[in-house]
Each structure stands twice: as structure tokens, then as C-alpha cells.
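Read off the chains here:
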Amino acid sequence: MVDETHLASRRSWIESANGHPEFPVQNLPLAVFSTQDTAPRGGIAVGDTVLDLAAMLANNLFTGDAKRAAEAASGSRLNDFLELGSFHRKALRRQVSRILDAAGSARADVEPLRSRFVVPAADCAVHLPATIGDYTDFYAGIHHATNAGRLFRPDNPLLPNYKHMPIAYHGRSSTVGISGEPVRRPRGQRKPAGDAMPSFGPAANLDYELELGIWIGPGNRHGDPIAIAGAPDHIAGYCLLNDWSARDIQAWEAQPLGPFLAKNFATTVSPWIVTPEALAPFRAPLPARADADPTPLPYLSDAGDQASGSLDIELEVLLLTPKMKAAGMEAQRLSRTNATNLYWTPAQFVTHHSSGGCRLQSGDLFGSGTISSPTPDGFGSLLEIASGGKNPISLRSGEIRHYLADGDEVIFRAHASRDGFASIGFGECRAEILPSPV
């Protein structure tokens, strides 16, 4: 629901927040951060600063339900906060918004204390925001699924089940890393088309996949499915997610089962959890299905979810090569797309995932699947952009890429904008490719 915390006119006495492209006072995302003098702890991004929740508690700045939420969010992992659910998230958001309001009655009492709890973001390191029990990657980007399927099945790119249920596979939570951590090129078996036998070695066709990450909040009991109408209550926030993929390893090993070594070597997420409350102004209807598409089965159908279960978030991919860095060049944008291109909603992910009795827990992480647009300028992977390596892309540095090279840095960004509201961002999700181990 949209409330006073979303007012575009609201300004903060933290000046860098006013008009900030990522973290204005209307956003208030959470993360775990540390400084040279403090251990990892929960914080909230505001402009070019981070609010230290533990320090705010020590200075008695929270009361009631907001205090309980701040206590749960002030530790080295946010799982307890995610578990609390939307009621406490909203209480914390409202109280922080009032504390920061430049025109509010709290300013005179709070601003003199700013040195105790406002930390320059430049002095902060960020960490994984939660202990991830399980990680599941969905395949809900229909344009990506169509493009990828067409490379292998030109006449029938989508398998029959795709439009009946959200397709997914289980990934490895142990190799989920935070933005800024490098990713080492994986090794595995691969068998190029012209080779009689497979070989083992570094992946030649390393790729990224542009996705939204979805953080699970309150879970469910083992055996108790989550109904579609209540599924949004189990979503605690969103981030950016790079589902790194070794395409040559994947092509050989995914016969007949799903990806294994081609995916389990790394997943990168952005550090800030953008809450459903911050994204309330940017909810959107799920795009209309084609007339020939099947109607989702009743357990996946909800009128409210169809009307506002999608998110109007613009996402982009940029590439920065070693040659670009050496020449002082900026990263080159490869594509721009929108999360409304997903065929299934996050609520449908939650419901389908739990429909067989699977237990979800706070801190579980979902990937949306690669988000691509219908046109090449919005493709969310190099597999699509370079047509499986057949049509390399040309960079303004004079280089070409079929897939990622060692030293390349992939950067994801995302922003939500709508007339009458302050735009908000997600921060960056970025990682550099290191050579494979010898």
C-alpha cells in the first residue's frame, strides 16, 4: 500500500538522499555492513550514507513494533527480521521515515545525534544480508526461454509444460556471493560438437544471466502449502541476481537432468534488500497472455496477483573489459529490459514451490529466471545476444565477445520509476571474472 513514506515531496535532513538515484528517503533498503571499527551489523541505505541500526537502538530512537523490528535487523544476519513479516517491516519503515523527515517534528531531537548512527557509505563494506538455507532458480523469463530453446529446438522452443507452471531448479546456496566478490572461471566436462569424446577443463563459454532475486520472509510448516492469495506475505524483499552459467558445460551435462556444474560454481547478488513496501508504487499488472495460452490452474490463479503482482523495474547489463579499464573508458551497456517481461509472478513462485509440501524458510533465495525483452536490445544473456556464440558482439573498445573473457566485469543495475513518485534503485550487482584454477 502507498502511504506517507512514498511522498515524492518528502525530503531528508541527510542531504545526499534528496534526489539520490538509488537510495532516496522513499527507498530505505536494508543490508549487513561493517566498518573498520565495527563488526557486521544491519543498516539502512539513505543517500550516500548508511544508518547503523544498532547505534540507533543504543540511542533509544525506536519504540514499539519498530523497535522490535530494528532489534531483529541489527545483527550480523537479517534472517530474524525477514521472519517478522510485513507488519514489522512497515512499522520500521514509517519510524525511520519520520526520523529522517527534514520537515518533521523529530528532526530537532534526532539530527544532533547523527554522528552516532549515520555512517558514510564509502567507509562501509557490505556482506551477504542473510544466511541462505536454500536457493531456487526459476525460469520465468519467457523471451529468454524462447530464445534459448530456439537454439536447440528451432521449431518448438518452449516445452509443453512451460506455460502451465513456473519451471525451476535447485541451486547451491553455498556459492552465493555478494556484489564485488570476483568469480573464478569454473571447470567441468564439455564436448564440442566436433569432438568424439568429452574433455575436462575451464569453461570456454562463460555467461551471465540478468535476474531479480527474491528473499523469502516468513516460511511455512513442512507439508502446508502456501495459498496464492497469501503468497505475497512470504516475500520479504528483492535484489539483483546474476545466475552465472557455463554454457559449454551445461550443454553436455544437462542431458537429461538440469544444470549441475554449469551453475553451481557461483551466483552473485546485490547487497541491499529492497522491500515490497518500497516497491508498492511500482507494482503492475501481469501482461496479458496470448489467447492460445492456457489459463493457470486454480492454485496459481488470483485476481489480485494478476492485477498487481508484476513489478515495473527497468534492468540493465553493462560490461567493463580490462582494455576498457586501462583506457579509462566507462562500462558499455549491453542490454536494457523490464521485470514486467516475466511470465510468472513472484507470488506464483512461492505458491508453486510450496504446493507439494516443501518448507520455505526466512532467508531462502529465489532467482526469477533471466529477464529478456522481445527485442535484441533487451536480451538478458550473451547466449541470446551472440546467438549461441555464432554472432559475436562488437565493443566500442574494438574488442569482440562471443562469451565472457577473464578480467571482464559484469555489472547489473535496476531502477523503478513512475510519475508522481520518487525513483528508487537497487545498487549494483557486479563481479569480475578470474582465470580458472590451474
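Computed from a prediction, not measured in an experiment: that's the story for all the values here.

Visitor: Summarise the sheet that holds strand β7 (residues 168–170); cite the residues concerned and give the values.
Guide: Taking strand neighbours across the sheet as the criterion, the seven strands line up as β7-β6-β21-β13-β14-β16-β8 in an open arrangement whose pairing is mixed. Across the chains shown, the open sheet's two edge strands, defined by having one partner strand only, are β7 and β8 (176–178). Averaged over neighbouring strand pairs, the angle between their axes works out to 30 degrees when direction is ignored. As paired strands, strand β13 (residues 210–216) and strand β21 (residues 365–367) are joined by three bridges and run antiparallel to one another. When the sheet's bridge partners are listed, Ile214 is paired in β21 with Phe366. Packed on one face of the sheet, helix α11 (residues 346–354) meets β6 (135–138), β7, β13, β14 (235–242) and β21 and runs near 100 degrees to β14.

Visitor: Residue-level account of the pairing of β6, with values.
Guide: Regular strands place side chains that alternate from one sheet face to the opposite one. Along β6, one buried face is formed by Tyr135 and Asp137 and the opposite face, lined by Thr136 and Phe138, is buried too. As paired elements, β6 and β21 share three bridges and run parallel to each other. When the sheet's bridge partners are listed, Tyr135 is paired in β21 with Leu365. With three bridges connecting them, β6 and β7 associate as antiparallel partners. By the bridge assignment for β7, Phe138 is matched with Ala168.

Visitor: Tell me about the pattern of salt bridges, and name the residues and values.
Guide: Evaluated as defined, the whole model comprises 25 salt bridges. For the salt bridge of Arg247 with Glu209, the shortest nitrogen-to-oxygen distance reads 2.8 Å. Here Arg247, found in helix α8 (residues 247–253), pairs with Glu209, found in the loop between β12 (206–207) and β13; they are 38 residues apart in sequence, far enough to count as distant. By the burial criterion, Arg247 is buried, and Glu209 matches it. Each of Lys325, Glu409, Arg413, Glu428, Arg430 and Glu432 takes part in salt bridges that share partners, so that together they form one network.

Visitor: With reference to specific residues and values, describe unusual backbone geometry.
Guide: For the bond from Gln255 to Pro256, the omega torsion is 10 degrees, close enough to zero to count as cis. Positive phi, normally seen in glycine, also occurs at Leu28, with a value near 60 degrees. Looking at the secondary structure, you find Leu28 in the segment before β1 (30–34). A relative accessible area of 4% places Leu28 in the buried class. Its identity is not glycine, yet Asn60 carries a phi of approximately 60 degrees, on the positive side. Looking at the secondary structure, you find Asn60 in the loop between α1 (53–58) and α2 (64–73).

Visitor: Explain the sheet that holds strand β2 (residues 41–46) residue by residue, including any values.
Guide: Strand order in the open sheet formed by five strands is β4-β3-β2-β1-β5, with antiparallel pairing between adjacent strands. Unpaired on one side and paired on the other, β4 (118–120) and β5 (125–127) mark the two borders of the sheet. On average, each strand axis in the sheet is tilted by 50 degrees relative to the strand beside it, whichever way the strands run. Bridge count between β1 and β2: four bridges; the pairing is antiparallel. Counted as the bridge partner of Phe33 is Arg41 from β2. Lying on the sheet, helix α4 (residues 86–100) is in contact with β1, β2 and β3 (49–52); it crosses β2 at an angle near 55 degrees.

Visitor: Tell me about α11, and name the residues and values.
Guide: Counting buried residues in α11 gives nine out of nine residues, a clear majority hidden from the surface. Every buried residue of α11 is accounted for by Pro346, Ala347, Gln348, Phe349, Val350, Thr351, His352, His353 and Ser354. Those residues of α11 hidden inside the fold are in contact with β6, β7, β13, β14, α9 (303–308) and β21.

Visitor: So what's going on with the nonpolar core? Residues and values would help.
Guide: Looking at soluble globular proteins, one finds that nonpolar side chains tend to be buried together. The biggest cluster of nonpolar side chains holds 70 residues, and the ones touching the most others in it are Tyr208, Trp244, Leu279 and Ile313. The set of elements that each furnish at least two residues to this core consists of α7 (142–152), β13, β14, β19 (314–320), α11, α12 (382–385), β24 (409–416) and β26 (429–434). By size, the runner-up hydrophobic cluster in this structure holds 46 residues, among which are Leu51, Phe117, Cys239 and Val269.

Visitor: Tell me what's going on with the packing of α2 against α4, and back it up with residues and numbers.
Guide: Relative to each other, α2 and α4 sit at 105 degrees, their axes nearing to 8 Å. Classified by the angle their axes make, α2 and α4 are roughly perpendicular. Contacts between α2 and α4 involve Asp65, Ala66, Arg68, Ala69 and Ala70 from the first element and Phe87, His88, Ala91, Leu92 and Gln95 from the second. The residue inventory of the contact of α2 with α4, partitioned by class, reads six nonpolar, two polar and two charged.

About the thresholds
- Residues numbered from 1 in each chain as written.
- Predicted model: local features only at pLDDT ≥ 70, side-chain atom pairs only at ≥ 80, totals over all residues.
- Heavy atoms only, no water.
- Pairing = 2+ DSSP bridges.
- Helix = DSSP H or I, 4+ residues; strand = E, 2+ residues; numbered from the N terminus.
- Axes fitted to C-alpha atoms, helices over the stretch in contact; angles between N-to-C directions.
- Contact = heavy atoms within 4.5 Å.
- Buried < 20%, exposed > 50% of the residue type's maximum accessible area, 1.4 Å probe, protein only.
- Salt bridge = Lys/Arg side-chain N within 4 Å of Asp/Glu carboxyl O.
- Core = buried A, V, L, I, M, F, W, Y, C linked by side-chain atoms within 4.5 Å.
- Parallel < 35°, antiparallel > 145°, perpendicular 65-115°, else oblique.
- Nonpolar A, V, L, I, M, F, W, Y, C, P; charged D, E, K, R; others polar.

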